[in-house]
Amino acid sequence: MNETTVSPDKSSDKKSRISLNLEGMHCASCVSTIEKAILKQDGVIKVSVSLLDQKAVVEYEPDKVDRTALEKAVESTGYRTVRPKMMITLDPLPSASQWGKIVEHVKNVNGVITATPFESKSRLLIEYDESLVTFKIIKRALQEIGFNAEEYGAGRADREKSAREQEIRYYTRLLAFSLILSIPVLILTLAPEILLPILPSGMSPELMNFILTTPIQFIAGYPFYKSSLRAARHGKANMDTLIILGTSAAYFYSVAATFFLEGYVAFYDTAALLITFIILGRTLEAVAKGRTSKAIRKLLDLQAKVAVVIRDGEEITIPIEDVEVDDILLVKPGEKIPVDGVVIDGQSSVDESMVTGESIPVSKKVGDSVIGSTINKNGVLKVRATKVGQDTVLSQIVRMVEEAQTQKPPIQRKADAIAGVFVPIVMVLAASTFLVWFFLVGEEWVRSLSFMIAVLVAACPCALGLATPTSLMVGIGKGAEHGILIKTGAGLEIIPKVDTIVFDKTGTLTIGRPTLTDIVPASDIEPTEVLRLVAAIEKNSEHPLAEAIVQYAEASEIEIPEATDFISVTGKGVSGNVEGSTILVGNDSFMLDNGIDISSLQEQVVRLQEEGKTTVYAARDGQALALLAIADTLKENSAEAVSRLQEMGIDVLMITGDKERTAYAIAKSVGIKRVLAEVMPGDKAQEVKKLQAEGRVVAMTGDGVNDAPALAQADVGIALGSGTDVSVETGDIVLVKDDLMDVVAAIDLGTKTMNKIRQNFFWALVYNLALLPIAAGLLYPLTGLVLKPEFAALAMAFSSVSVVSNSLLLGRYTPRKHAETRLEITKDKPPEFAIDPICKMEVHTASAELYSDYEGKRYYFCAEHCKKTFDADPAQYKDEDVIRPPPQ
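From a predicted model like this one, the values you see are computed outputs, not experimental measurements.

Caption draft 1: A look at the overall build of the chain. Helix and strand content of the chain: 30 helices and 35 strands. Relative to its 888 residues, the chain shows a buried fraction of 53%. Of the roughly 39500 Å² of accessible surface on the chain, a fraction of 54% belongs to carbon and sulfur atoms.

Pasting the structure below:
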């Protein structure tokens, strides 16, 4: 993990984890201060504070410390914790005597912190731990005592959006207020003659500036005073402390020059513009930060709000929160599938792009799994709910992304360590600047004070604190959009350094199950007839190879006849009678035992076995019938992914328990040169360790179950999930789609994200290193160059905004597309219309969902049946004219 941790002696086996919402953080020093305060509490094991999310994720021992103590620790630093709130409307209206029972019952729900009744409005305000409590849990609790509940106000996605908008509105109002008053202050300072005619009789420009600047200082500047004073009460200092010291010095000096000191010039414009520019920076920052978190909001917005459930033979529409496991849902074309489930009736194609990032709709039939929040395209489906609420795939993805965005890579911890001591150092530096200029150099009071204020304002660690989290939030969000779930900040930082990737074979490079790949007839018999006869026998067998043959026949829509007199010979083969013929299926030993001459097939056997395939013989009535080959076939994009990785300079290896000959045959077909063969599952982690001992930075890619030890051992573990199960505990990165091109995309995205972080750090450090000497006046004796405090504030504001804006450029990232095979006769793009080679119907290629590639040509289909017919034997259609000439 990448959170700040305590020493091992403070941890125990009993752990809990909570998320605290925070208020008032603006820079990396805020993060460091809060983390240190929480870690001082006995029983805290780990803590990670996110500047952008305004959250602290704390792992702790519940028997030593509780939520209240952690909240007090935060508040001791001058910041506040904000508890999530939920307003519930009750029905029927409770009587006065019932409210006590209701409140007590709700408080007993695990995760509820407070429950406050509003009796006249029949509402209950609940403060809760969002990791433990949902509206559905509260609704059930109230139903237990006879009350229905409705959530009053916005859902979670709307609440988060509302909070962002409220922050932007708050700073926008402050900015407008401050700007309206600052403009005349600036005019009265630089060109007083413009406004003198309209000033009240006898009022000097200095007095008017005092009247205008005072509300700016204490009304627009109130948030900074509040934050800095709260911190000061607990002996702390933060970024707002620097702001208040700088602006207060300018303001109170100007007041003294106006009313008490003769011969001194006031600079109210410095105080007014300082606060105005700082608020401008906070406003722009709030807008930009809101854009960085849009990935989570987009995911939350995907959730369906209602579901049509079939109960007692009737279709009823209910809120999504009321859907239960095993409910039967009706999903019509164009509707969102409400929750995760299994199709029990109907056939359709489903757009899963919002979860998997895959743009092509996926065909669904009875028995297939569907993902909640995906869109049913063209057929009516009946779905049995299997996962609801927080157990759905979308909820798991949201949770993974949120947790990843609060974690920190090592580079951020270094920045936080710097920021933790930044504020006190700046205060000492600012005081020293004043003392040196005033006492040692003998500069005038006003100039020395101006240098001190400029140092206080210019030395802002805000940009340093935003450098990493902004890039992480955008990068992790973009990954989630494309089905790449980045779980740890450390994994993101290490993945660009990877020089070696180890792929597990079964289920990673290959599809993970045996598939019939070849039918080689021994005579003139059609392959489909061979398949029909062999499937009839194998349908009675439970052997995995038999299952592969039967599944292929069923997928090809071949009508499989019944077999009689079935006999199974363990370790050799099976036999039976099909339509009056004796059919044998088995290995070479089984054929020889039954006097079958298979010599004519031996040349093909050698070829197929060299390709890593398992061969099975078939015979009919004492004569060799055919040779069938079965293999765990490669995934569609395995070879392309390996090629791309090698182009990136990464050494690609394959690890498998297969024999060396078979392993090298598979590896050769995808372009892998180095193979770790005959490795037992438990020994894979040791092989990864050996590679690391060679000085390699190793990524392991596996299915996340059998490969868990190796994934954990690797510098970066990449676990292949599936669209219906992304709850993979081991691994730093989870690929929602079983597409190895996403490994390439993950490395590419990680590299681009880390580049943005480094760019941000560079500009943040350059800003401070360049501006601080100028602010302190080091160039003044030689060049006369002075950085006025208000312009230091403006530069500070735009340094933070530039860092956030640079991070937002990551939002333009899209994974590199798969290599596309175009139709032979097309030079630039596919034709607008094509002819289905099976039924000869016209197909519009732009909207076609079904197509297959064969020998460099793309064939489009109007229906699933046509595609299956083609895929069963594409060779017979290779000479078909599949292009419809464009209309004249």
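Moving on from the model shown.
Caption draft 2: Quick look at the pattern of salt bridges. Inspection of every chain in the model, using the stated rule, returns 27 salt bridges. In this structure, K15 and E59 form a salt bridge, with 3.5 Å as the shortest nitrogen-oxygen distance. In this pair, K15 is assigned in the loop between β1 (4-5) and β2 (16-23) and E59 in strand β4 (residues 55-60), connecting sequence segments 44 residues apart. Residue K15 is classed as partly exposed on the basis of its relative accessible area of 46%. Using a relative accessible area of 13% as the deciding quantity, one classes E59 as buried. R532 is the salt-bridge partner of E579, the closest N and O atoms lying 2.8 Å from each other. Within this pair, whereas E579 is found in the loop between β23 (573-578) and β24 (581-586), its partner R532 is found in helix α19 (residues 527-538), the two being separated by 47 residues in sequence. Taking relative accessible area as the criterion, E579 reaches 53% and is therefore assigned exposed. Since its relative accessible area comes to 18%, R532 is described here as buried.

Caption draft 3: Inspection of helix α3 (residues 99-107) at higher detail. Along α3, the residues that are buried comprise W99, I102, V103 and V106. All buried residues of α3 lie within an arc of 95° about the axis, which places them on one face of the element. Contacts from the buried residues of α3 go to β6 (85-91), β7 (112-118), β8 (123-128) and α4 (135-144).

Caption draft 4: Up close: the sheet that holds strand β22 (residues 564-569). Ordered in space as β21-β26-β25-β24-β23-β22, the six strands form an open sheet in which the pairing is antiparallel. Of all strands in the sheet, those bounded by a partner on one side alone are β21 (515-521) and β22. The average undirected angle you get between the axes of adjacent strands in this sheet is 20°. Bridge count for β24 against strand β25 (residues 614-620) is four bridges, and the pairing is antiparallel. Each residue of the ladder has a partner; that of V585, found in β25, is A618. Where α19 meets the sheet, its contacts fall on β21, β22, β23, β24, β25 and β26 (623-631), and the angle it forms with β23 comes to roughly 105°.

Caption draft 5: Quick look at the sheet that holds strand β12 (residues 328-331). Sheet architecture is open: six strands sit in the order β11-β10-β12-β18-β13-β16, paired in antiparallel fashion. With partners counted over all chains shown, the strands left at the sheet margins are β11 (314-319) and β16 (369-370), one partner each.

Caption draft 6: Local environment of the packing of aromatic side chains. Per the stated rule, a full pass over the model turns up 19 aromatic pairs. When the ring of Y253 is compared with that of W445, the centres are 6.5 Å apart and the planes differ by 40°; the resulting orientation is tilted. On the criterion of sequence distance, the pair formed by Y253 in helix α8 (residues 239-259) and W445 in helix α15 (residues 445-458) is long-range, its members being 192 residues apart. The exposure class assigned to Y253 is buried, which follows from its relative accessible area of 5%. The class of W445 is partly exposed, set by a relative accessible area of 34%. Three or more aromatic residues joined by ring pairs form one cluster here, namely F210, F218, Y225, Y251, F252, F259, F260 and Y268.

Caption draft 7: A look at the confidence of the model for the chain. Predicted confidence across the chain gives a mean pLDDT of 81, with 85% of residues reaching 70 or more. Confidence, expressed as mean pLDDT per element, reaches its minimum in the chain at β1 with 50 and its maximum at strand β27 (residues 651-655) with 95. When the criterion is pLDDT under 50, residues 884-888 qualifies, and its contacts beyond four places in sequence or with other chains add up to four contacts.

Caption draft 8: Structural context of the side chain of R83. With respect to the secondary-structure elements, R83 resides in the loop between β5 (80-82) and β6. A polar atom in the side chain of R83 sits 2.7 Å from the side chain of E71.

Caption draft 9: Spatial organisation of the packing of helix α6 (residues 205-220) against α8. Viewed as axis vectors pointing N to C, α6 and α8 meet at an angle of 155°, and their least axial separation amounts to 11 Å. In terms of their interaxial angle, α6 and α8 are classed as roughly antiparallel. Crossing angle aside, the handedness with which α6 passes α8 is left-handed. Contacts from E206, L207, F210, T213, T214, Q217 and F218 in α6 reach T247, S248, Y251, F252, V255, T258 and F259 in α8.

Caption draft 10: Spatial organisation of the environment of L175. With respect to the secondary-structure elements, L175 resides in helix α5 (residues 156-190). Between the C-alpha atoms of L175 and I216, which are 41 residues apart in sequence, the distance is 9.8 Å. Filtering out sequence-adjacent residues up to four positions away, L175 remains in contact with T276, I279, L280 and T283.

Caption draft 11: Highlighting the pairing of strand β29 (residues 698-702). With five of five residues buried, β29 is to be regarded as a mostly interior element. By the alternation rule, side chains of β29 split into V698, M700 and G702 and A699 and T701, which are all buried. When strand β20 (residues 500-504) meets β29, the two strands line up parallel, connected through four bridges. Paired with F503 across the two strands is T701, which belongs to β29. Relative to strand β30 (residues 716-720), β29 runs parallel, the two sharing four bridges. Across the sheet, M700 pairs through a bridge with G717, a residue of β30.

Caption draft 12: Seen up close, the pairing of strand β35 (residues 857-861). With five of five residues buried, β35 lies mostly within the body of the structure. Judged by which residues are buried, β35 turns out to be covered on both faces: K857, Y859 and F861 on one side and R858 and Y860 on the other are all buried.

Caption draft 13: Inspection of the environment of T81 at higher detail. Among the secondary structure elements, T81 is positioned in strand β5. We classify T81 as buried; its relative accessible area is 11%. Spatially, the C-alpha atom of T81 lies 5.5 Å from that of N21, the residues being 60 residues apart in sequence. Residues in contact with T81, not counting those within four places in the same chain, are N21, L22, E71, V74 and E75.

Caption draft 14: Fine view of α4. Within the span of α4, buried status applies to F135, K136, I138, K139, A141 and L142. Backbone geometry just after α4 places G146 at a positive phi near 95°.

Caption draft 15: Here's a closer look at the environment of E493. Assignment of secondary structure puts E493 in helix α17 (residues 489-494). On a C-alpha basis, the gap between E493 and I757 in space is 9.7 Å, while along the polypeptide they are 264 residues apart.

Caption draft 16: The arrangement of unusual backbone geometry in detail. Of note, the bond from D91 into P92 is cis; its omega dihedral lies within 30 degrees of zero at 0°. Mapped onto the fold, P92 is located in the loop between β6 and α3. With a phi angle near 55°, E678 is a residue other than glycine that sits in the positive phi range. Along the chain, the position of E678 falls in the loop between β28 (674-676) and α25 (684-693).

Caption draft 17: Spatial organisation of the packing of α3 against α4. With their axes 10 Å apart at the nearest point, α3 and α4 run at an angle of 135° to one another. In this view, α3 runs oblique relative to α4, as classed from their interaxial angle. As for the relative orientation of α3 and α4, their crossing is right-handed in sense. From α3, I102, H105 and V106 reach across to α4, where they touch I138, A141, L142 and E144. Taken together, the residues of the contact of α3 with α4 break down into five nonpolar, one polar and one charged.

Caption draft 18: Just a nonpolar patch on the surface, in detail. A cluster of nonpolar side chains, F259, F260, L261, Y264 and W445, forms an exposed patch at the surface whose accessible area comes to about 530 Å². Note on placement: F260 falls in the loop between α8 and α9 (268-292).

Rules and cut-offs
Residues numbered from 1 in each chain as written. Predicted model: local features only at pLDDT ≥ 70, side-chain atom pairs only at ≥ 80, totals over all residues. Heavy atoms only, no water. Helix = DSSP H or I, 4+ residues; strand = E, 2+ residues; numbered from the N terminus. Buried < 20%, exposed > 50% of the residue type's maximum accessible area, 1.4 Å probe, protein only. Areas by Shrake-Rupley, 256 points an atom, 1.4 Å probe, with all protein chains shown as cover. Salt bridge = Lys/Arg side-chain N within 4 Å of Asp/Glu carboxyl O. Arc of directions from axis to C-beta. Contact = heavy atoms within 4.5 Å. Pairing = 2+ DSSP bridges. Axes fitted to C-alpha atoms, helices over the stretch in contact; angles between N-to-C directions. Phe/Tyr/Trp six-rings, centres within 6.5 Å; stacked < 30°, edge-to-face > 60°. pLDDT = per-residue confidence, 0-100. Polar contact = N/O pair within 3.5 Å; in protein donor to acceptor, adjacent residues only side chain to side chain. Parallel < 35°, antiparallel > 145°, perpendicular 65-115°, else oblique. Left-handed = near helix turned anticlockwise from the far one by under 90°. Nonpolar A, V, L, I, M, F, W, Y, C, P; charged D, E, K, R; others polar. Patch = residues over 30% accessible without salt bridge, like charges linked within 9 Å, V, L, I, M, F, W, Y side chains within 5 Å.

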